[in-house]
Amino acid sequence: MRDALARCLYDGPGDPLAPDATDHRPDDLRMSGLLRRRADRIIAAMAAAGLVVTADGGLSRAA
């Protein structure tokens, strides 16, 4: 789920989460790391609001 959301946050060419052997920066400076952290924050905000992602990809209120 996190990687799907991270890809949705990217507005550029190609797959931002694909491994890049030529990029020697630390993970937290790569586009993939930045997008995954943003996606984690969105998921945490949704959880704090009482929302959970179901197995079929839908949203529901936490019980």
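Computed from a predicted structure; not experimentally measured. (Residues numbered from 1 in each chain as written. Predicted model: local features only at pLDDT ≥ 70, side-chain atom pairs only at ≥ 80, totals over all residues. Heavy atoms only, no water.)

(A) View of a nonpolar patch on the surface. On the surface, Met 1, Val 53 and Leu 59 cluster together into a nonpolar patch covering about 290 Å² of accessible area. Of note, Met 1 is situated in the segment before α1 (2-9). (Patch = residues over 30% accessible without salt bridge, like charges linked within 9 Å, V, L, I, M, F, W, Y side chains within 5 Å. Areas by Shrake-Rupley, 256 points an atom, 1.4 Å probe, with all protein chains shown as cover. Salt bridge = Lys/Arg side-chain N within 4 Å of Asp/Glu carboxyl O. Helix = DSSP H or I, 4+ residues; strand = E, 2+ residues; numbered from the N terminus.)

(B) Examining the nonpolar core more closely. The biggest cluster of nonpolar side chains holds five residues, and these are Leu 5, Ala 6, Leu 17, Leu 35 and Ala 39. Elements represented by at least two residues in this core include exactly α1 and α2 (31-48). (Core = buried A, V, L, I, M, F, W, Y, C linked by side-chain atoms within 4.5 Å. Buried < 20%, exposed > 50% of the residue type's maximum accessible area, 1.4 Å probe, protein only.)

(C) Inspection of the environment of Ile 43 at higher detail. Looking at where Ile 43 falls in the secondary structure, it is placed in helix α2. The sequence separation of Ile 43 and Met 1 amounts to 42 residues, and the corresponding C-alpha distance is 9.1 Å. In contact with Ile 43, not counting residues within four places along its chain, are Met 1, Arg 2 and Leu 5. (Contact = heavy atoms within 4.5 Å.)

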